[in-house]
Amino acid sequence: MQRSFLMITPILLVLAASAAIADDPPTGKIGVFDLEKLWKETEVGKKYNKDLSDAHDRLQSGIEKKQQEIESLVEKLRQQQASLSDDKAQQMQKDIQNKRVELNRMSEDADREMKQQVGDLQGRFQAMVVDSVEAYGKEKTFTLILNKAVVDFFADRVDITQDLVGKFNEMNKAQTASTKAPDKKTPTPAPVKPAPKATDKPKETPKETPKP
């Protein structure tokens, strides 16, 4: 099942934005922004997305290596089973079973680590978005700023996403000062694949390319 790395609750950002300009007199000035674009286009968002991609690749590489070990043992047992003693065949089957248990644990640990990293980086990013929206709203005297995710329709003229990207980058330069963000968009990685059940015969390792 696909999992998005960007799961910030939209309504929180709406409330934060409206609270930021609650003391201003009503002017009818409304803005709408695309949170997904902030994640993809801000320097911090690009860096965090790359960090998550790198973490996923590292964990997935370990899982695939363990899968290949199991597949090699299964193939070796298949080729040599006719000439092996019962004790030797049983020992190889036991080794395969133990490695499958290790693979299941490795997959569970990897999934837990990814969830922790996603939650941590999302929390940081959400706090920065809230602060940026608040500062931009006050600076430009907006009455209300809404997340696109909670708006059914809006005219293009009220879309402030690109301006907000600039404001976000301006306010969070320190977050990316030591790391140059990639020029091209980094695809959001897919979740770490679950390990096959202990009773399943290992399948050929898929060659997947991971995609906020």
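Residues numbered from 1 in each chain as written. Predicted model: local features only at pLDDT ≥ 70, side-chain atom pairs only at ≥ 80, totals over all residues. Heavy atoms only, no water.

J.: Explanation requested: the overall build of the protein chain in the structure shown.
T.: Along the backbone of the protein chain there are six helices and two strands. When the helices and strands of the protein chain are read in sequence order from the N terminus, they spell out α-β-α-α-α-β-α-α. For the protein chain, with 212 residues in total, the buried portion stands at 38%. A total of about 12800 Å² of accessible surface is found on the protein chain, and carbon and sulfur atoms cover 50% of it. (Helix = DSSP H or I, 4+ residues; strand = E, 2+ residues; numbered from the N terminus. Buried < 20%, exposed > 50% of the residue type's maximum accessible area, 1.4 Å probe, protein only. Areas by Shrake-Rupley, 256 points an atom, 1.4 Å probe, with all protein chains shown as cover.)

J.: Explanation requested: the side chain of Lys167 in the structure shown.
T.: Note that Lys167 resides in helix α5 (residues 161-171). Of the residues examined, Lys167 reaches a relative accessible area of 11% and is grouped as buried. Once you skip the residues sitting within four places of it in the chain, Lys167 turns out to touch Ser132, Ala135, Tyr136 and Glu139. (Contact = heavy atoms within 4.5 Å.)

J.: Is there a simple way to think about the packing of aromatic side chains in this case?
T.: Both the distance between ring centres and the angle between the ring planes are used here to describe each pair of aromatic rings. The tally for this structure, following the rule as stated, stands at three aromatic pairs. Between Trp39 and Phe125, the aromatic rings sit 5.1 Å apart at their centres with planes inclined by 90°, giving edge-to-face as the arrangement. You can see Trp39 sitting in helix α2 (residues 35-41) and its partner Phe125 sitting in helix α4 (residues 86-139), a full 86 residues away along the chain. Overall, Trp39 belongs to the buried group, its relative accessible area being 1%. What makes Phe125 buried here is its relative accessible area of 0%. Pairing Phe125 with Phe168 gives two aromatic rings, centres 5.3 Å apart and planes at 40°, and the pair type is tilted. Here Phe125 is found in helix α4, whereas its partner Phe168 is found in helix α5, with 43 residues between them in sequence. One aromatic cluster is present, formed by Trp39, Phe125 and Phe168 through successive ring pairs. (Phe/Tyr/Trp six-rings, centres within 6.5 Å; stacked < 30°, edge-to-face > 60°.)

J.: How should I be thinking about the pattern of salt bridges in this particular structure?
T.: A side chain of one charge can pair with a side chain of the opposite charge when the charged atoms of the two come close. Evaluation of the coordinates by the stated rule reveals 16 salt bridges. Note that Lys46 is salt-bridged to Glu43, the shortest N-O span being 3.9 Å. Note that Lys46 and Glu43 are positioned in helix α3 (residues 43-80) at a spacing of three residues, about one turn of the helix. With a closest N to O distance of 2.9 Å, Asp54 and Lys50 form a salt bridge. Of this pair, Asp54 and Lys50 both sit in helix α3, four residues apart, roughly one helical turn. (Salt bridge = Lys/Arg side-chain N within 4 Å of Asp/Glu carboxyl O.)

J.: How should the confidence of the model for the protein chain be read in this particular structure?
T.: Segments scoring low in pLDDT should not have their predicted coordinates read at a detailed level. Mean pLDDT over the protein chain: 80, with 70% of residues reaching 70 or higher. Contacts for the low-pLDDT stretch residues 181-192, under 50 throughout, to residues beyond four places or in other chains number 37 contacts. (pLDDT = per-residue confidence, 0-100.)

J.: Would you mind showing me how to read the packing of α3 against α4 here?
T.: Pairs of packed helices are described in terms of their axes, by the angle between the two and the distance that separates them. Packing of α3 against α4 leaves a shortest axis separation of 9 Å and a crossing angle of 175°. Compared by their axis directions, α3 and α4 come out roughly antiparallel. Taken together, the residues that form the contact of α3 with α4 break down as 21 nonpolar, seven polar and ten charged. (Axes fitted to C-alpha atoms, helices over the stretch in contact; angles between N-to-C directions. Parallel < 35°, antiparallel > 145°, perpendicular 65-115°, else oblique. Nonpolar A, V, L, I, M, F, W, Y, C, P; charged D, E, K, R; others polar.)

J.: Is there a simple way to explain the nonpolar core in this structure?
T.: Across soluble globular proteins, nonpolar side chains show a tendency to be buried alongside one another. Residues Phe33, Leu38, Tyr48, Phe125, Val129 and Ile145 are the most contacted members of the largest nonpolar core, which totals 32 residues. If you list the elements that add at least two residues to this core, you get α2, α3, α4 and α5. The element contributing the most residues to this core is α4, with 13 residues. (Core = buried A, V, L, I, M, F, W, Y, C linked by side-chain atoms within 4.5 Å.)

J.: Before we go on, may I ask you to explain the packing of α4 against α5 in this structure?
T.: Packing of α4 against α5 brings their axes to within 9 Å, and their N-to-C directions diverge by 115°. In terms of axis orientation, α4 runs roughly perpendicular to α5. The handedness of the crossing between α4 and α5 is right-handed. From α4, Phe125, Met128, Val129, Asp131, Ser132, Val133, Ala135, Tyr136 and Glu139 reach across to α5, where they touch Asp163, Leu164, Lys167, Phe168 and Met171. Taken together, the residues of the contact of α4 with α5 break down into nine nonpolar, one polar and four charged. (Left-handed = near helix turned anticlockwise from the far one by under 90°.)

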